[in-house]
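For reference, the chains in residue letters:
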Amino acid sequence: MADTSTGGSESGLDSGTDVTDTTGLETDTTGLETDTGEPCTGDTCSSTLTLRFAHALPLLEGPHRFRIQTPAHDILCSVEASLEGDKSCFGFAFADLSWTPELVTVLLTNPFFDTVTNPEATPFEAVSVQVERGDELIFEAQLPVDAGEAMQPDPCGPACWQALAQATID
């Protein structure tokens, strides 16, 4: 896991105010400066968590349900009985699912922020995943999350992450 202690989302500004925005919404900091005199740009970014599952699942015998549990959300994605497809998931507004005969991908946009448990929006260390076909549990794992390197296009704005978790379903 990458060190998240230096990628905080609060920066001191010379105007005496702090800009905190870990939700992915724009915060206009253009024209302000950091404590070190670096100019604020107003540029924004979004964090993502991509979950990739290499598989040999019999997709036409579906649907296959992917239950994903993060510290902030319980997400349910359903891979329909089709060789390829894409759709949204339940339990998180910004969860997109796509699948092919070899790969299932779930993309979560801005998944880390939670006002109570994670106001700094640092990446999770792990997510839990269960895959079911009908009443049968066919896969269960705790997947480590590789946070990658923090990006901060605006030195006065939040840090963003392009995190990844992967597994193979046999």
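Worth saying up front: this structure is predicted, and the values here are computed from it rather than measured.

Caption draft 1: Molecular detail of the overall build of the protein chain. Within the protein chain, the secondary structure is distributed over zero helices and eleven strands. Along its sequence from the N terminus, the protein chain presents helices and strands in the succession β-β-β-β-β-β-β-β-β-β-β. Among the 170 residues that make up the protein chain, the fraction classed as buried is 39%. Excluding contacts between residues fewer than 6 apart, the proportion of contacts in the protein chain whose partners are at least 24 apart in sequence is 49%.

Caption draft 2: Geometry of the sheet that holds strand S7 (residues 95–99). The strand order across the open sheet formed by five strands is S6-S7-S8-S3-S11, and the pairing between neighbours is mixed. The open sheet has two edge strands with one neighbour each: strand S6 (85–88) and strand S11 (162–169). Each strand of the sheet is rotated relative to its neighbour by a mean of 15 degrees, with strand direction disregarded. Where S6 meets S7, four bridges bridge the pair, whose relative direction is antiparallel. Directly across from Ser88, in S7, lies its bridge partner Asp96.

Caption draft 3: Just the packing of aromatic side chains, in detail. Overall, the coordinates contain three aromatic pairs when judged by the stated rule. A ring pair is formed by Phe53 and Phe66, whose centres lie 5.2 Å apart and whose planes are at 55 degrees; its orientation type is tilted. With Phe53 in strand S3 (residues 48–55) and Phe66 in strand S4 (residues 64–69), this pair connects stretches of sequence that are 13 residues apart. The burial state of Phe53 is the same as that of Phe66; both residues are buried.

Caption draft 4: Just the sheet that holds S4, in detail. Sheet architecture is open: four strands sit in the order S5-S4-S9-S10, paired in antiparallel fashion. The strands lining the two open edges of the sheet, one partner per strand, are strand S5 (74–79) and strand S10 (136–144). Each adjacent strand pair in this sheet contributes to an overall mean axis angle of 15 degrees, direction not counted. By the bridge criterion, six bridges tie S4 to S5 in an arrangement that is antiparallel. Its bridge partner being in S5, Arg65 is matched across the sheet by Ser78.

Caption draft 5: View of the state of the cysteines. By the definition in use, this model includes three disulfides. The partner cysteine of Cys40 in its disulfide is Cys156, sulfur to sulfur 1.6 Å. Measuring handedness by torsion sign, the sulfur bridge of Cys40 and Cys156 sits at about -65 degrees and is left-handed. Here the residue Cys40 occupies a position in the loop between strand S2 (18–20) and S3, and Cys156 occupies one in the loop between S10 and S11, the gap between them amounting to 116 residues. The burial state of Cys40 is the same as that of Cys156; both residues are buried. One disulfide in the model links Cys77 with Cys89; its S-S distance is 2.1 Å. Taking the torsion about the S-S bond as the criterion, the Cys77 to Cys89 disulfide, at about 105 degrees, is right-handed. You can see Cys77 sitting in strand S5 and its partner Cys89 sitting in the loop between S6 and S7, a full twelve residues away along the chain.

Criteria and thresholds
Residues numbered from 1 in each chain as written. Predicted model: local features only at pLDDT ≥ 70, side-chain atom pairs only at ≥ 80, totals over all residues. Heavy atoms only, no water. Helix = DSSP H or I, 4+ residues; strand = E, 2+ residues; numbered from the N terminus. Buried < 20%, exposed > 50% of the residue type's maximum accessible area, 1.4 Å probe, protein only. Contact = heavy atoms within 4.5 Å. Pairing = 2+ DSSP bridges. Axes fitted to C-alpha atoms, helices over the stretch in contact; angles between N-to-C directions. Phe/Tyr/Trp six-rings, centres within 6.5 Å; stacked < 30°, edge-to-face > 60°. Disulfide = S-S within 2.5 Å.

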